[in-house]
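# Structural description and commentary
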Amino acid sequence: MTLAPETTATPKAAAPSAAVRSRVVVPLRFPDGFEAVAEVLSFSGLTDGKEHLLLALGDWEAALQGAAQGGAGPLVRLHSECLTGDVFGSQRCDCGPQLREAVERIAAEGGFLVYLRQEGRGIGLYPKLDAYALQDGGLDTYAANLALGHGEDERDYTAAAQMLEAMGAGTLRLLSNNPDKAAQLTGLGLEVSGQVATGVHASAANLRYLAAKRDHTGHTLVLPSDAGPVAGAPGAPGAAPGDVGAAPQAVAGAAAAVPTHDDMLARVQGLVPGLRERAAETEELRRIPDATMEELHAAEVFHMLSPKGVGGLGMGLETYVEVVRRLARGCASTAWSAGHLIEHVWMLARWPREAQDEVFANGPAPLAAATGAPAGVARKVPGGYSISGRWTFASGVMHARWALLAAQHGDVRLQCLVPLADVELLDVWQTAGLRGTGSNDIRAGDLFVPEHRTLDWELLGAETNPGSLLHADPLIHTPMGALLNMVAPAAALGSAEYALDLFRELIMVRKVKHTVENRQADSPLAQVRYAHAFGLVATARLHWQEAVRVVSAAHARGPSTMTEPDRGQYRLSLALSGEASAEAVRVIMLGSGGSVHRLSHPLQRIQRDVNVLMNHAALTRDPVLEQAGRGLLGLGFSVPSF
């Protein structure tokens, strides 16, 4: 979720009250088979006299009750009628897919779809068709309206505000990419507590239309034209043979409400150019920039492992690790932070219902930091526990609202879920690499944590965790340890792949001192070095894929608990993948000349990031090799948490 943008628009006077005229239950069914039940309401007293409708979906009454208790409010979509798109499936706009998406998302969370009779951005059906003809002549959607003597956008959301007020929805979360909707509702006296991005439903027929919305009115859209060729697609530069799930990619952003594996990878690949442009800013800020967080939210990255029952996407391990790997091709710090934030949503979905009702009340992607290094101390008190400690390496903490903190109570290790506002954040993250992760320390003293927000770590990590009784999503039933070591190797591999692309570009043009070749690539020694680096990256990729295969195979079994040889094999493969990635970066740096050590060059940042990654427990060579050997030999782990 992203906050609604600030607006300097002149506030409108509060609209006169409207009243519910009628209400009727209508079962809905969309062409793709999706079904929902809506309570359709009509109103009297609407200022424009038009027959607007409000569709109440899901548990909207609970959402209103939550708002009355200080929550973020129901999810609301203002959808302007589009006969051509909604009824006939026109591909010249994205209205039909947005309507379908909105119904599903609102039904899952509870809220309202406000269906407004404002065809053609308020100019009417016939003028809209006239505008289509002008667009065929080269005008964009806004210029065409102006050419017909209309305003760029004549929609007024006063009637929407009246209907929402009549339902008691004075506080709401707005499902929209359009900043004007939030501005108008705010000006009419409603509180927009958050703006939730809709999917981007791009097609060849509507790309110019979507680009105009992005460029002219500030819609939060990431389009295929922003992304360039999709990595992994035939003929794309830097395509890596053997990518997990590497099928021909879908166009970035052309995803349905619930994206496929390829849809999600295409969305993320579209973010990579922007991540590269903002990598230096990310380091300077020591956190992910707001623009990047907005793009990650818009791409629904944080929804990936969230269960479908709370409005998430319920995607699998293979998609998750590939997303982290591809993000690292743009910025390792972003990949690290996003990877852990995604993972922590999955951890929250393993808790009992009372805790889940609290954290998922504001949407399917509650962001949380998690740390257990070192564990704090928990003391039993009436109604819960009192915890104290200083926790380090709190990845994701700069973007979180919750913190998952380990605390020891006697022989039991607890995980304690606390609002981030209740703890002290210590600004200590001054590091050589992964600077943009902002993995700062957390401190708390005698902090009360209610019983329902504490959980035995072993139960949380088990296949039969409390969340497994609430959600059918297969990954919720996977032991937690299977995913906890996946981020560092994926980030290292993606970084090495990016470094290899940069090295190729460099040697194809670089002239080396004290040599006779016009460019470095013409030197046999440079050719050998590039082949060496290429082979190391391929080795890293193969080891990484083997680890993913082992975990996926265990996940597919029932029960899905990994055997000790499985654990030894997958941890060994991850460590060897990281080692090969780091060695590839070292070989590349030694052959790239002194200029790549300038802070302005991305290769020096990649080297520093990978050096820090190699000190993570998932990639630290000696202890991993020791424990992996014991597991593979059937001797039992001397460190049970391995």
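Heads up: these notes are all about the structure in this document.

About the thresholds
Residue numbers run consecutively from 1 along every chain, following the written order of its sequence. A pLDDT threshold of at least 70 governs which residues receive local features in this predicted model, and a stricter bar of 80 or more applies before side-chain atom pairs are shown or counted, although totals over entire chains, interfaces and linings include all residues. No hydrogens and no water enter the side-chain calculation; it runs on all heavy atoms of the structure. Secondary structure is summarised from DSSP: a helix means a run of H or I of at least four residues, a strand means a run of E of at least two, and numbering begins at the N terminus for each. The criterion used for residue contact is that any of the two residues' heavy atoms lie within 4.5 Å. Note on areas: Shrake-Rupley, 1.4 Å probe, and residue coverage restricted to the protein chains presented here. Exposure categories follow from relative accessible area, calculated using a 1.4 Å probe and restricted to protein chains: below 20% of the type maximum is buried, above 50% is exposed, and the middle band is partly exposed. Only buried Ala, Val, Leu, Ile, Met, Phe, Trp, Tyr and Cys residues count toward a nonpolar core, and they belong to the same one when joined by side-chain atoms within 4.5 Å. We place a 1 Å grid over just the protein atoms. Points where a 1.4 Å probe fits but has no way out form a cavity, open points with protein on both sides within 12 Å along at least 5 of 7 lines form a pocket, and any residue with an atom within 4 Å of a point lines it. Grid points are joined across faces, edges and corners, and a volume is the space filled by probe spheres set on the points. We call Asp, Glu, Lys and Arg charged. Ala, Val, Leu, Ile, Met, Phe, Trp, Tyr, Cys and Pro are nonpolar, and the rest, Gly among them, are polar. Salt bridge, as used here: a side-chain nitrogen of Lys or Arg that lies within 4 Å of a carboxyl oxygen of Asp or Glu. For two strands to pair, DSSP has to find at least two bridges joining them. Axis definition: a line fitted to C-alpha atoms, limited for helices to the stretch in contact. Angles are taken between N-to-C directions and run from 0 to 180 degrees. With respect to orientation, any angle under 35 degrees is reported as roughly parallel, any angle over 145 as roughly antiparallel, any angle of 65 to 115 as roughly perpendicular, and every other angle as oblique. Rotating anticlockwise by less than a right angle from the far helix to the near helix defines a left-handed crossing, while the corresponding clockwise rotation defines a right-handed one.

Turning to the overall build of the protein, a few remarks are in order. Scanning the protein for helices and strands turns up 21 helices and 14 strands. Long-range contacts, defined here as pairs at least 24 residues apart, represent 68% of the contacts in the protein between residues at least 6 apart. Accessible area of the protein: about 26,000 Å², with a carbon and sulfur share of 56%.

Listing the buried residues of helix α7 (residues 179-187) in full gives Lys 181, Ala 182, Ala 183, Gln 184, Leu 185 and Gly 187. Elements in contact with the buried residues of α7: β4 (75-80), α6 (158-166), β6 (171-175) and β7 (191-196). One or two positions beyond α7, positive phi appears at Gly 189, with a value near 95°.

With that settled, the discussion passes to unusual backbone geometry. Residues Ala 373 and Pro 374 are joined by a peptide bond in cis, for which omega reads -10°. Looking at the secondary structure, you find Pro 374 in strand β8 (residues 368-381). Non-glycine residue Phe 393 carries a positive phi angle of around 55°. Secondary-structure assignment places Phe 393 in the loop between β9 (384-391) and β10 (402-409). On the basis of relative accessible area, Phe 393 is assigned to the exposed category, the value being 52%.

Examined against the element boundaries, Gly 309 turns out to sit in the loop between α12 (290-298) and α13 (317-328). You can call Gly 309 exposed: its relative accessible area is 58%.

What follows covers the nonpolar core. In this structure, Phe 302 and Tyr 320 are the most contacted members of the largest nonpolar core, which totals 98 residues. Looking at which element gives the most residues to this core, the answer is helix α17 (residues 487-507), with 14 residues. Look past the residues within four positions of Phe 302 in its chain and what remains in contact with it is Met 293, Leu 296, His 297, Ala 338, Leu 341, Ile 342, Val 345, Ala 365 and Leu 367. Listed in part, the 28 residues of the second largest apolar core include Phe 43, Val 76, Ala 159 and Ala 182.

We now examine the layout of surface pockets. There is about 1,700 Å³ of room inside the largest pocket. If you trace the largest pocket, you find 48 residues lining it, with Trp 457, Leu 484, Asn 485, Ala 617 and Ser 641 closest to the centre. Where the lining of the largest pocket is concerned, the elements lending two or more residues are α14 (332-348), β8, β11 (412-419), α16 (457-461), α19 (564-590), α20 (602-613) and α21 (621-632). At 5 residues, the largest contribution of residues to the lining of the largest pocket is made by α14. Its residues assigned to classes, the lining of the largest pocket shows 24 nonpolar, 18 polar and 6 charged.

This next bit is on the pattern of salt bridges. Scanning the entire structure with this criterion turns up 31 salt bridges. The partner of Glu 283 in a salt bridge is Arg 605, with the nearest N and O atoms 3.6 Å apart. Taken together, the residues span a long stretch of sequence, with Glu 283 in helix α11 (residues 279-285) and Arg 605 in helix α20 at a distance of 322 residues. Exposure remark for Glu 283: the relative accessible area of 12% places this residue in the buried category. Among the ionic pairs, Arg 286 bridges to Asp 427, the shortest N-O distance being 2.8 Å. Taken together, the positions of Arg 286 in the loop between α11 and α12 and Asp 427 in the loop between β12 (424-426) and β13 (441-450) put the pair 141 residues apart, joining distant regions of the chain. Judged by its relative accessible area of 14%, Arg 286 falls in the buried class. Residue class for Asp 427 comes out exposed when judged on its relative accessible area of 54%. Through salt bridges with shared partners, one network takes in Glu 322, Arg 325, Arg 326, Arg 329, Glu 497 and Arg 541.

Relative to β13, β9 is paired through 7 bridges, and the arrangement is antiparallel. The residue bridging Ser 386 from the neighbouring strand is Phe 448, located in β13. Pairing geometry for β12 and β13, over 3 bridges, is antiparallel. Across the sheet, Leu 425 pairs through a bridge with Ile 442, a residue of β13.

Across the interface, α17 lies against helix α18 (residues 524-556) with an axial gap of 10 Å and an inter-helix angle of 160°. Considering their axes alone, α17 and α18 lie roughly antiparallel with respect to each other. In this structure, α17 meets α18 at a crossing whose hand is left-handed. Residue-level contacts link Pro 489, Ala 490, Leu 493, Ala 496, Glu 497, Leu 500, Phe 503, Arg 504 and Ile 507 of α17 to Arg 529, Tyr 530, Ala 533, Phe 534, Val 537, Ala 540, Arg 541 and Trp 544 of α18. Here the contact of α17 with α18 is built from residues that sort into 13 nonpolar, no polar and 4 charged.

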